[in-house]
Amino acid sequence: MALQWYPGHMNKAKNQVQDRLKLVDIVLEIVDARLPFSSRNPVLEQIIDQKKHIIILNKSDLADPKLTSDWKLSFEQEGIRSVELDAKHNKGLGKINDLIHSELADKIEKYENNGVKNYRIKAMCIGIPNVGKSTILNRIVGKNVAVTGNKPGVTKNQNWLKTKYDIDLLDTPGILWPKIDDPKVGMKLALSGAIKDKIYAPDDVAIYALNFLEAHYLERLQETYGLDKSDLFDHTTPELLMHLTEKLGYKEDYERASRRIIEDVRKLKLGRVTFDVPGEFYEE
Ligand SMILES: Nc1nc2c(ncn2[C@@H]2O[C@H](COP(=O)(O)OP(=O)(O)O)[C@@H](O)[C@H]2O)c(=O)[nH]1
Ligand SMILES: [Mg+2]
């Protein structure tokens with residue numbers, strides 16, 4: 001496995017997240033809707049303890065809508081409520097606000113019963129790099145200027161952003177590292193652009209992509225590249241890559257074809273594709 005995380009690094013990140021968890025009422029775990037499994041890190045479940053927690057399926061504009069629904073159901077069965085967001089086009093923030101309120105309804109009611117009016121919810125975003133944490137922070141804060149300053153009883157020098165809702169957000173999101181024990185998870189992260197392209201050879205990523213697309217989006221693969229049935233069924237996946245290389249006019253430059261295929265996937269040339277399928281993400 002090409003990607004290594006240093007234990008010291010991981011522990012530091014984990015401790016930082018853990019410290020700041022104490023300051024908030026609810027954690028907004030951001031995942032990439034194309035990879036609702038592969039873009040999570042199980043360590044969060046361990047450190048999150050009793051804290052309220054929802055999952056935001058961001059980049060839903062890129063993901064397969066049917067699978068986004070399936071994932072929401074699957075998380076619900078695990079006892080975690082989730083909501084989709086397209087932070088890029090600013091679609092779905094209201095639903096996040098609603099879900100946060102519904103998760104914290106008991107707590108807010110308790111405060112109100114104790115005479116606390118206009119309780120401001122404290123939340124933090126958390127997630128692996130590139131899932132859209134900064135974009136979401138910007139969206140949710142909107143035109144409101146960052147309000148800094150210390151709140152009584154919380155760690156000093158922690159800055160809060162006032163959002164357009166009755167929610168304050170920690171100004172720096174918690175960053176987790178992806179968990180890449182399974183090489184397929186690495187391939188998916190590479191394909192989505194979550195990790196640097198130079199970590200994996202493009203042909204490995206392209207072959208992974210073609211293999212997945214053959215299994216899950218066969219017609220779209222056929223249509224996009226004008227493939228015949230014989231192109232798909234009489235070839236191994238590396239042979240299919242070579243065939244496509246030729247078909248795309250790149251002669252034998254399969255690396256160039258690989259980069260093109262990866263680009264095509266990212267730019268939705270094959271439509272909205274989700275790479276994690278609930279219940280079967282280990283064996284496709
Ligand atoms: N298509 C799409 N792109 C998004 C969305 N949210 C963020 N991005 C893009 O994803 C990339 C990473 O976003 P960023 O906010 O920097 O991620 P962070 O590393 O988690 O803070 C940027 O190019 C964003 O424009 C979204 O909902 N849809
Ligand atoms: Mg960021």
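Residues numbered from 1 in each chain as written. Chains lettered and ligands numbered in written order. Predicted model: local features only at pLDDT ≥ 70, side-chain atom pairs only at ≥ 80, totals over all residues. Heavy atoms only, no water.

A short note on the overall build of the protein chain
Spelled out, the test is: Secondary structure elements follow DSSP: runs of H or I no shorter than four residues count as helices, runs of E no shorter than two count as strands, and numbering proceeds from the N terminus. When a residue's accessible area, from a 1.4 Å probe over protein chains only, is under 20% of the maximum for its type it is buried; when over 50% it is exposed; and in between it is partly exposed. Residues are treated as being in contact if the distance between any of their heavy atoms lies within 4.5 Å. Positive charges come from Lys and Arg, negative ones from Asp and Glu, while His and the chain ends are left out of the count. Positions of charges follow a simple convention, taking NZ of Lys, CZ of Arg, CG of Asp or CD of Glu.
Helix and strand counts for the protein chain stand at 12 helices and eight strands. Counting only residues that meet the buried cut, the protein chain has 49% of its 284 residues in that class. Of all intrachain contacts in the protein chain linking residues separated by at least 6 positions in sequence, the fraction that spans at least 24 positions is 69%. Looking at charge distribution, the protein chain has the averaged site of its 43 positive side-chain charges lying 9 Å from that of its 43 negative ones.

Focus on the site of ligand 1
This is how the line gets drawn: Any residue with a non-hydrogen atom lying within 4 Å of a molecule or strand is treated as near it. Think of a polar contact as two N or O atoms within 3.5 Å of one another; within protein, one of them needs to be a possible hydrogen donor and the other a possible acceptor, and neighboring residues in sequence only count if both atoms come from side chains. Using a 1.4 Å probe, the Shrake-Rupley method yields the accessible areas, and only the shown protein chains count as cover for residues. Amino acids outside the nonpolar list (Ala, Val, Leu, Ile, Met, Phe, Trp, Tyr, Cys, Pro) and the charged list (Asp, Glu, Lys, Arg) are all regarded as polar, and Gly is one of them.
With respect to spatial proximity, 14 residues lie near ligand 1, and among them Asp61, Ala87, Asn130, Lys133 and Thr135 are the closest. Between ligand 1 and the protein, one listed contact pairs an oxygen atom with a side-chain N or O atom of Ser134 at 2.8 Å. Between Thr135 and ligand 1, the recorded distance is 2.6 Å, taken from a side-chain N or O atom to an oxygen atom. Burial of ligand 1 by the surrounding chains reaches 73%, relative to a free accessible area of 580 Å². With three residues, helix H6 (residues 133-141) is the single largest residue contributor to the shell around ligand 1. Within the shell around ligand 1, the residues separate by chemical class into four nonpolar, five polar and five charged.

Some words on the pairing of strand S1 (residues 26-32)
Worth spelling out the cut-off: Think of it this way: DSSP has to see at least two bridges between two strands before they count as a pair. Seen with the strands pointing away from the viewer, any crossover whose path from the first strand over the helix to the second strand runs clockwise is right-handed.
Counting buried residues in S1 gives seven out of seven residues, a clear majority hidden from the surface. Burial along S1 is two-sided: Ile26, Leu28, Ile30 and Asp32 and Val27, Glu29 and Val31, pointing in opposite directions, are all buried. Across seven bridges, S1 lies against strand S2 (residues 52-58) in parallel orientation. Residue pairing for S2: Asp32 is matched across the bridge by Asn58. After leaving S1, the chain enters helix H2 (residues 43-48) and then returns to the sheet as S2, a path that is right-handed. By the bridge criterion, four bridges tie S1 to strand S4 (residues 121-127) in an arrangement that is parallel. Considered in S4, the bridge of Val27 is made with Met124.

As for the side chain of Arg34
Among the secondary structure elements, Arg34 is positioned in the loop between S1 and H2. For Arg34, the side chain forms a polar contact with the side chain of Asp32, separated by 2.8 Å. Every residue in contact with Arg34, bar those within four places of it in the chain, is listed here: Lys59, Leu62, Ala63, Ser192, Val273, Thr274, Phe275 and Asp276.

Digging into the confidence of the model for the protein chain
To be explicit about the condition: Along the chain, pLDDT gives the predictor's confidence residue by residue, from 0 to 100.
For the protein chain, per-residue confidence averages 89 on the pLDDT scale, and 91% of positions sit at 70 or higher. Low pLDDT, under 50, characterises residues 145-155; the predicted model gives this stretch 20 contacts beyond four residues in sequence or across chains.

Notes on the nonpolar core
Applied cut-off: As used here, the term nonpolar core means buried Ala, Val, Leu, Ile, Met, Phe, Trp, Tyr and Cys residues forming a set that is joined through side-chain atoms within 4.5 Å.
Leu28 and Ile100 are the most contacted members of the largest nonpolar core, which has 80 residues in total. No other element matches the seven residues that helix H8 (residues 202-216) contributes to this core. Ignoring anything within four residues of it in the chain, the contact list for Ile100 reads Ile26, Leu28, Ile54, Ile121 and Ile167.

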